[in-house]
Amino acid sequence: MNQLSERKYIIAGVIILIGLIYIFRLFYIQVIDDSYKLDARNQAFRYNTEFPVRGYIYDRNNKLLVYNEAAYDLMVLPKKIKNLDTMDFCNLVGITKDVFIRKMKKAVQAPNSPRKQSIFEKQLSPKEYASLQERLYRFPGFYVQSRTLRKYPKRIAAHMLGYIGEASKETTEKDPYYNEGDYLGISGIEKTYEKALRGKKGMHIMMVDVHNREKGSYMNGLYDTMAIPGKPLTSTIDGDLQEYAELLMQNKIGSVVAIDPSTGEILSIVTSPTYDPNLFVGRARNKNYGLLSQDSIGKPLFNRSTMASYPPGSTFKLIMALIGLHEGVLTPNTRYPCARGYPPLGGRPKCHPHPSPQDLVGAIGTSCNSYFSFVFKSVIDDKKYHDTYKAYANWRDIATSFCLGTKTGSDLANELRGNVPSIKYYDKVFGKGSWKASTVISLGIGQAEMGITPLQNANLVAIIANKGWYYTPHIVKAIGGNPNDTLLDRFKVKHNTMITDTNIYNEVIKGMARAVEGGTAGALKIEGIPYGAKTGTAQNPHGKDHSVFVCFAPLENPKIAVGILIENAGFGSTWAGPIARLMMEKYLKGKITRPDLEKRMIEGDLIHKAKPKPVETKKRP
Amino acid sequence: MRQKNAPSIFHNIDWITVLIYLVLVVAGWMNIYAAVYNEEHYIITDTSQKYGKQMIWIITALMLAFIILIIDENFYTAFAYFIFGAFLLANIAVPFLGREIKGSRSWFRFGDFGIQPAEFMKFATNIALAKFLSNQNIKIADYKNTFITLLLIGVPLLIIKGLQDETGLAIVFVAFIFTLYREGLSVNYLLLGFLAIILFILALLINNIYLFIFIISLCTIALLFIKRNRKNLFIVAAIGLVACSMVKGTSTVYEHMEPHQKVRIDVLLGRGTVDLKKEGYNVNQAKIAIGSGGFLGKGYLEGTQTKYDFVPEQDTDFIFCTVGEEWGFVGSAFVIILQITLILRIIFMSERQRSPFSRIYGYGVASVLFFHLTINIGMTIGLAPVIGIPLPFFSYGGSSLWSFTILLFIFIKLDSHRLQILR
Ligand SMILES: [Zn+2]
């Protein structure tokens with residue numbers, strides 16, 4: 001008996017041992033191992049993302065440019081469908097069984113597949129959506145996806161505004177904010193100001209039961225976050241001006257940029273041909289994108305205003321004059337001969353007939369190639385530098401300070417640098433020390449390798465209008481109604497060029513004013529508003545010259561500077577000039593005094609092989 | 001003085017045991033409320049809900065406990081075999097007389113409430129076992145007595161398994177092994193049984209050929225160390241043969257099992273690909289619920305896994321999941337410690353009995369409680385096979401609560417008279 005009673009220790013030992021094993025096991029799965037907590041969360045929680053409303057975009061006069069429309073699509077993932085009560089489902093969605101079968105077939109067959117979600121029923125109304133959302137849990141494999149559709153009441157400024165699209169896989173991997181299928185800005189200011197426009201996603205943690213029914217929010221929403229709506233943007237664009245410019249530019253290839261020189265605000269920026277931004281909304285985008293990209297002549301998808309590089313041509317002659325005056329190798333009275341070209345090099349670069357020799361103002365007015373070749377040579381061969389390279393470097397530095405060959409730093413999504421050839425480049429082409437002013441003489445007239453975007457071109461005019469300084473051109477003036485948002489700080493920094501003497505500018509502006517008063521732009525006067533202009537051409541090695549026109553108005557306290565280029569349109573005063581003139585009048589006066597000019601511009605078709613009707617021109621620009 | 005006249009029925013009662021019992025019962029009730037919590041019927045006494053019903057079961061169980069304390073302690077020894085026989089008859093009758101509920105033939109129905117006689121077989125068997133083993137002339141080591149003992153345990157087991165097909169209720173009778181061990185069952189039997197279990201498991205896990213080779217080489221080695229006479233040779237050969245046929249038999253039985261039975265074994269052995277959405281679902285969900293509770297738990301009524309029905313049978317066999325999820329490690333450990341304390345307390349009380357009947361009965365109570373605890377909690381944390389048996393005093397159900405209450409309070413009654421008589 002005594003011996004047997006010892007067995008109580010063994011029995012108690014076994015009981016305690018089991019207790020300890022269980023307690024240790026519990027400690028392991030409850031405290032140490034986190035995987036069960038994760039599993040529980042995945043099972044019992046549904047994380048509902050609340051997408052914020054994307055910010056609207058307004059023009060400078062608070063007219064709506066972009067707003068949102070919610071759309072709901074009924075999606076299907078065929079693989080996940082189970083125990084489907086077809087009749088019940090058809091009643092809920094409001095379709096017949098035949099339609100159901102047809103739609104399911106479509107969802108399963110290529111290019112769709114049972115493993116791929118596809119749209120079952122597009123764009124439900126908010127009311128349909130509400131009734132569906134409540135009962136859809138009974139039909140696994142079906143769910144509703146809401147998406148924001150951007151709407152453009154004015155159908156303008158497609159390139160500038162850009163568009164939104166689904167986040168790519170690379171984006172979602174790089175930025176954890178985005179999930180596949182999320183929308184974000186792909187181009188234009190939708191892209192540049194994505195962070196401000198998108199707002200912040202909210203997260204609602206819902207508890208679901210084993211049948212996937214929602215049972216209320218977790219901890220009464222303690223861990224939920226509200227979506228923060230995107231901020232509205234106020235653009236610098238004048239919607240009416242933009243619309244008018246696009247109308248004038250229709251059926252022409254080219255670009256117009258208008259800037260308020262006193263602030264650097266872009267008043268309008270047109271790329272032509274353009275397209276209705278509504279075409280790029282929702283599911284139609286892919287189709288329309290394909291259609292637009294097939295247009296190989298007009299290339300409507302090509303954002304010329306910031307992405308096309310043209311030879312600056314005659315516009316650069318203004319800069320050349322400034323540099324000559326600044327370096328002291330040129331005075332307003334300096335006269336140079338012209339023999340239908342630059343005499344020292346046997347008439348190259350060529351020129352057109354005009355009185356010779358001329359002083360500076362005359363040369364600007366006639367856009368004499370010979371004159372500015374002389375000026376360029378005098379700058380590069382300037383004795384005070386003792387060295388062609390040093391002189392060239394100085395010339396190039398000054399050009400760069402006018403934002404040539406360098407990005408303006410605007411808030412437009414994609415911007416080309418343009419080109420002012422470097423010493424290194426010419427050393428490579430001609431050999432070190434084997435080139436001089438005469439080798440690269442056509443730089444003086446803005447040709448050769450020089451490249452400039454329409455935006456840089458307009459900025460150049462703004463600099464001249466301001467007499468030596470500029471604000472970085474920009475397209476947004478307020479974020480969420482706040483003009484002092486830090487994102488906009490960089491547009492409040494005044495940049496000075498290397499030429500700051502206003503007297504120098506006055507000489508050039510005098511020439512520009514002369515061009516309007518009685519020169520190449522004489523036919524384009526605006527009643528009551530004296531302004532400065534320069535017509536020109538940009539030589540196009542591939543065909544007819546591009547038509548170029550730059551101008552600013554009024555002469556005192558300029559309010560608008562315009563740079564316009566129309567491809568293969570010949571004389572600057574034929575097409576480019578009238579359009580710029582009409583735009584300035586529209587902006588400054590709000591009405592048009594030359595309906596004849598307006599009509600001709602609107603009707604002019606330079607794309608579809610129609611012969612352009614020449615505007616009366618006295619001289620070749 | 002007082003003892004002789006009218007001793008209070010609460011005299012000498014072990015209040016520690018009663019207190020633990022009450023804590024467990026109330027905690028169980030609260031967790032049943034959490035497990036089947038229903039916002040439309042949030043009143044814990046709402047008898048249309050399981051927690052309301054459980055309240056009725058608790059009240060009646062307390063009444064039962066009171067009655068047991070009133071009944072003379074000699075009643076059980078006097079009527080031991082009668083009680084055993086009566087409940088045995090009830091268990092045989094129930095498949096024929098009772099109404100079938102959800103495919104189960106083990107219930108007597110009385111309106112809204114049901115009674116499972118198999119639950120009460122535990123205390124009946126325990127009384128009979130105590131009565132038989134406490135006989136002065138009985139030595140368990142005798143083959144004949146061992147056989148009768150095994151009959152007392154085995155017959156209820158086979159009836160409940162065979163006639164009622166209630167595996168969980170039947171297998172509990174294995175628990176009396178502990179009682180038998182305490183009362184002198186040879187360790188050899190236990191070792192043999194243990195080895196047999198190991199062999200069964202190995203037969204399922206390892207290729208039989210290797211096991212055969214292993215057994216034969218073990219027998220050969222054994223022969224090198226013992227006296228090689230004809231008798232020993234015969235014994236070793238017989239053991240080898242039995243072992244081999246057990247291996248073969250296990251495999252054959254397994255091969256011929258129904259798929260769902262095979263899967264249940266696979267889940268336990270953790271082999272093959274267990275589909276967590278089907279066969280492994282219960283255990284996996286139980287583990288998720290408990291594991292997600294963390295150290296302090298999610299808070300009362302805040303358990304998502306149990307409240308939203310991810311865990312099956314969360315109010316009965318898987319009630320521990322609610323504890324684990326809502327009360328965390330602290331709560332689960334507390335429940336285990338409480339249960340273990342109760343069992344150890346009963347063993348301590350058993351050992352202080354002068355009467356062998358009381359001692360043996362006490363060990364029976366401890367064995368049954370321990371077996372339930374081990375299997376029930378073990379299965380929710382993946383350490384024991386999934387066998388549907390309730391957690392004592394905790395799980396929802398009248399029969400089990402009554403049965404455990406009767407089981408325990410008979411012992412409390414016996415214990416309160418430990419000093420008076422020598423039975
Ligand atoms: Zn000339």
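Residues numbered from 1 in each chain as written. Chains lettered and ligands numbered in written order. Predicted model: local features only at pLDDT ≥ 70, side-chain atom pairs only at ≥ 80, totals over all residues. Heavy atoms only, no water.

1. Considerations on the overall build of chain A
Okay, step 1: Along chain A, the regular secondary structure elements total 22 helices and 18 strands.
Okay, step 2: Counting across all 621 residues of chain A, residues that qualify as buried make up 53%.
Okay, step 3: In chain A, of all internal contacts separated by at least 6 residues, the share reaching a separation of at least 24 is 70%.
Okay, step 4: Roughly 28,200 Å² of accessible area belongs to chain A as shown, and the carbon and sulfur atoms make up 52% of that amount. (Helix = DSSP H or I, 4+ residues; strand = E, 2+ residues; numbered from the N terminus. Buried < 20%, exposed > 50% of the residue type's maximum accessible area, 1.4 Å probe, protein only. Contact = heavy atoms within 4.5 Å. Areas by Shrake-Rupley, 256 points an atom, 1.4 Å probe, with all protein chains shown as cover.)

2. Side note on the overall build of chain B
Okay, step 1: Counting its secondary structure elements, chain B contains 17 helices and 2 strands.
Okay, step 2: Counting across all 423 residues of chain B, residues that qualify as buried make up 51%.
Okay, step 3: Sequence separation of at least 24 residues holds for 70% of the intrachain contacts in chain B that already meet a minimum separation of 6.

3. Remarks on the coordination of the zinc ion
Okay, step 1: Summarising the metal site, the zinc ion is bound by the protein donors Cys338 of chain A (SG), Cys351 of chain A (SG), His354 of chain A (NE2) and Cys368 of chain A (SG), whose distances to it range over 1.9 to 2.3 Å.
Okay, step 2: Metal-centred angles of 103 to 122° between the 4 donor atoms at the zinc ion mark the site as tetrahedral. (Donors = N, O, S within 2.8 Å, 3.2 Å for Na, K, Ca; no water. Tetrahedral: all angles 85-135°; square planar, octahedral: opposite > 155°, others 65-115°.)

4. Brief notes about the interface of chain A and chain B
Okay, step 1: Taken together, the contact pairs 35 residues of chain A with 47 residues of chain B.
Okay, step 2: Of the roughly 3,600 Å² buried between chain A and chain B on both sides combined, carbon and sulfur atoms contribute 74%.
Okay, step 3: Summed over the three residues of chain A that lose the most area to chain B, namely Arg7, Tyr22 and Gln30 of chain A, the buried surface amounts to 19% of that side.
Okay, step 4: Our count for the contact surface shared by chain A and chain B stands at 8 residue pairs in polar contact (both at pLDDT 80 or more).
Okay, step 5: Elements with a contribution of two residues or more to the side of chain A that touches chain B: α1 (2-5), α2 (7-32), α3 (35-44) and β8 (202-208) of chain A. (Buried area = accessible area lost by both parts, 1.4 Å probe. Polar contact = N/O pair within 3.5 Å; in protein donor to acceptor, adjacent residues only side chain to side chain.)

5. Points about the environment of tryptophan 29 of chain B
All names here are of chain B.
Okay, step 1: Structurally, the position occupied by tryptophan 29 is in helix α1 (residues 15-35).
Okay, step 2: Residue class for tryptophan 29 comes out buried when judged on its relative accessible area of 17%.
Okay, step 3: As for tryptophan 29 and methionine 55, which are separated by 26 residues in sequence, their C-alpha atoms are 7.2 Å apart.
Okay, step 4: Setting aside anything within four residues of it in sequence, one finds tryptophan 29 in contact with Ile44, Tyr51, Gln54, Met55 and Ile58.

6. Digging into a nonpolar patch on the surface
Residues and elements named next belong to chain B.
Okay, step 1: On the surface, Ile197, Phe200, Ile201, Leu205, Ile206, Ile209, Tyr210 and Ile213 cluster together into a nonpolar patch covering about 770 Å² of accessible area.
Okay, step 2: Residue assignment for the nonpolar patch shows that the elements contributing at least two residues are α9 (187-205) and α10 (208-225).
Okay, step 3: When you line up the elements, isoleucine 209 lands in helix α10. (Patch = residues over 30% accessible without salt bridge, like charges linked within 9 Å, V, L, I, M, F, W, Y side chains within 5 Å. Salt bridge = Lys/Arg side-chain N within 4 Å of Asp/Glu carboxyl O.)

7. A closer look at the sheet that holds β8 of chain A
All names here are of chain A.
Okay, step 1: The 3 strands lie next to each other as β1-β8-β9, forming an open sheet whose pairing is antiparallel. Looking at which strands have only one partner, the edges of the open sheet turn out to be β1 (45-50) and β9 (214-217). The sheet shows a mean angle of 35° between the axes of neighbouring strands, direction not considered.
Okay, step 2: In this sheet, β9 lies alongside β8 in antiparallel orientation, the contact comprising 2 bridges. For methionine 206, the partnering residue across the bridge sits in β9 and is serine 217.
Okay, step 3: Set on the sheet, α3 makes contact with β1 and β8; between it and β1 the angle comes to about 60°. (Pairing = 2+ DSSP bridges. Axes fitted to C-alpha atoms, helices over the stretch in contact; angles between N-to-C directions.)

8. Quick notes on helix α11 (residues 230-255) of chain B
Okay, step 1: End to end, α11 of chain B covers 37 Å across 26 residues, agreeing with the expected 38 Å (1.5 Å per residue, within 8%).
Okay, step 2: Those residues of α11 of chain B lying buried are Val236, Gly240, Ala243, Cys244, Val247, Thr250, Ser251 and Tyr254 of chain B. (Expected span 1.5 Å × (residues − 1).)

9. Regarding the sheet that holds strand β11 (residues 254-260) of chain A
Residue and element names in this part refer to chain A.
Okay, step 1: If you walk across this open sheet you meet the 5 strands as β12-β11-β18-β17-β16, and the pairing is antiparallel. Of all strands in the sheet, those bounded by a partner on one side alone are β12 (265-272) and β16 (532-538). For this sheet the average axis-to-axis angle between neighbouring strands, irrespective of direction, equals 10°.
Okay, step 2: Note: strand β17 (residues 546-553) against strand β18 (residues 560-566), 7 bridges, orientation antiparallel. Each residue of the ladder has a partner; that of alanine 553, found in β18, is isoleucine 560.

10. Quick look at the nonpolar core
Okay, step 1: Ranked by internal contacts, the top residues of the largest apolar core, which has 112 residues, are Phe123, Ile127, Phe320, Tyr361, Phe393, Phe409 and Ile410 of chain B.
Okay, step 2: Among the elements that take part in this core, helix α15 (residues 319-351) of chain B stands out by supplying 15 residues, more than any other.
Okay, step 3: Among all residues touching phenylalanine 409 of chain B, those that are not within four sequence positions of it are Val18, Tyr21, Ala65, Ile68 and Leu69 of chain B.
Okay, step 4: With 87 residues, the next largest nonpolar core counts Phe402, Val420, Ile463 and Val476 of chain A among its residues. (Core = buried A, V, L, I, M, F, W, Y, C linked by side-chain atoms within 4.5 Å.)

11. Brief notes about the side chain of aspartate 238 of chain A
Residue and element names in this part refer to chain A.
Okay, step 1: Along the chain, aspartate 238 falls in the loop between β10 (233-235) and α11 (239-248).
Okay, step 2: Put simply, aspartate 238 is tucked away with no salt bridge, and the nearest opposite charge, on arginine 60, sits 5.2 Å away.
Okay, step 3: Here the side chain of aspartate 238 touches aspartate 240 through a polar contact of 3.0 Å, landing on its backbone nitrogen.
Okay, step 4: Among all residues touching aspartate 238, those that are not within four sequence positions of it are Asp59, Arg60, Asn61, Leu267 and Tyr587. (Lys, Arg positive; Asp, Glu negative; His and termini not counted.)

12. Considering the state of the cysteines
Residue and element names in this part refer to chain B.
Okay, step 1: On inspection of all chains with the given rule, the structure shows 0 disulfides over all chains.
Okay, step 2: Counting only cysteine sulfurs, cysteine 219 is the nearest neighbor of cysteine 244, a cysteine outside any disulfide, at a range of 7.1 Å.
Okay, step 3: Here cysteine 244 falls in the buried class, since its relative accessible area comes to 17%. (Disulfide = S-S within 2.5 Å.)

13. Quick look at a positive patch on the surface
Residue and element names in this part refer to chain A.
Okay, step 1: A cluster of basic side chains, namely Arg102, Lys106, Lys122 and Lys287, defines a positive patch on the protein surface.
Okay, step 2: Mapped onto the elements of the fold, lysine 106 is located in helix α5 (residues 97-108).
Okay, step 3: A relative accessible area of 62% means that lysine 106 is categorised as exposed. (Charge placed at Lys NZ, Arg CZ, Asp CG, Glu CD.)

14. Looking at the pattern of salt bridges
Okay, step 1: In the structure shown here, the tally under the stated rule is 32 salt bridges over all chains.
Okay, step 2: For the salt bridge of lysine 589 of chain A with glutamate 585 of chain A, the shortest nitrogen-to-oxygen distance reads 3.9 Å. Taken together, the positions of lysine 589 of chain A and glutamate 585 of chain A, both in helix α21 (residues 576-589) and 4 residues apart, correspond to about one turn of that helix.
Okay, step 3: Between glutamate 325 of chain B and lysine 298 of chain B there is a salt bridge, with the nearest N and O atoms lying 2.6 Å from each other. Of this pair, glutamate 325 of chain B sits in helix α15 while lysine 298 of chain B sits in the loop between α13 (281-291) and α14 (304-307), placing them 27 residues apart in sequence.
Okay, step 4: Residues participating in the shared-partner salt-bridge network are Asp14, Arg345, Arg352, Asp415 and Arg418 of chain B.

15. Considerations on α2 of chain A
Okay, step 1: In this model, α2 of chain A (26 residues) spans 36 Å end to end at C-alpha, consistent with the 38 Å of a helix rising 1.5 Å per residue.
Okay, step 2: Of all the residues in α2 of chain A, the buried ones are Arg7, Ile11, Ala12, Ile15, Ile18, Gly19, Tyr22, Ile23, Leu26, Ile29 and Gln30 of chain A.

16. Notes on the packing of α13 of chain B against α15 of chain B
All names here are of chain B.
Okay, step 1: Contact geometry of α13 with α15 gives a least axis separation of 6 Å together with a crossing angle of 30°. In terms of axis orientation, α13 runs roughly parallel to α15. Of α15, the residues touching α13 (which contributes Ala286, Ala289 and Ile290) are Phe320, Cys321, Gly324 and Glu325.
Okay, step 2: For the contact of α13 with α15, the per-class residue count stands at 5 nonpolar, 1 polar and 1 charged. (Parallel < 35°, antiparallel > 145°, perpendicular 65-115°, else oblique. Nonpolar A, V, L, I, M, F, W, Y, C, P; charged D, E, K, R; others polar.)

17. Here we look at the packing of helix α17 (residues 388-401) of chain A against helix α18 (residues 423-430) of chain A
Residue and element names in this part refer to chain A.
Okay, step 1: Two numbers describe how α17 lies on α18: the axes approach to 11 Å, and their chain directions differ by 130°. Classed by the angle they form, the pair α17 and α18 counts as oblique. Here Tyr389, Tyr392 and Ala393 of α17 lie close against α18, whose contacting residues are Ile423, Tyr426 and Asp427.
Okay, step 2: Among the residues forming the contact of α17 with α18, the class breakdown is 5 nonpolar, no polar and 1 charged.

18. Observations concerning the environment of glutamine 250 of chain A
Residue and element names in this part refer to chain A.
Okay, step 1: Mapped onto the fold, glutamine 250 is located in the loop between α11 and β11.
Okay, step 2: In this structure the C-alpha to C-alpha distance between glutamine 250 and isoleucine 607, which are 357 residues apart in sequence, comes to 9.3 Å.
Okay, step 3: With sequence-adjacent residues up to four places away left out, glutamine 250 is seen in contact with Ser272, Ile602 and Gly604.
Okay, step 4: Side-chain polar atoms of glutamine 250 contact the backbone oxygen of isoleucine 602, separated by 3.0 Å.

19. A few points about the confidence of the model for chain B
Okay, step 1: In the predicted model, chain B carries a mean pLDDT of 84, and 92% of its residues have values of at least 70.
Okay, step 2: The ipTM, which scores confidence in the relative placement of chains, is 0.88 for this predicted complex, and the corresponding pTM is 0.65. (pLDDT = per-residue confidence, 0-100.)

20. As for unusual backbone geometry
All names here are of chain A.
Okay, step 1: The peptide bond linking serine 272 to proline 273 adopts the cis configuration, its omega dihedral lying at 0°.
Okay, step 2: Mapped onto the secondary structure, proline 273 falls in the loop between β12 and α12 (284-293).
Okay, step 3: Here the residue pair arginine 348 and proline 349 is connected by a cis peptide bond, since its omega of -5° sits within 30 degrees of zero.
Okay, step 4: Positive phi, close to 60°, is recorded for asparagine 62, a residue that is not glycine.
Okay, step 5: Accessibility expressed as a relative area gives 56% for asparagine 62, which makes it exposed.
Okay, step 6: A positive phi is found at asparagine 557, a non-glycine position, where the angle reads about 45°.
Okay, step 7: Within the secondary structure layout, asparagine 557 lies in the loop between β17 and β18.

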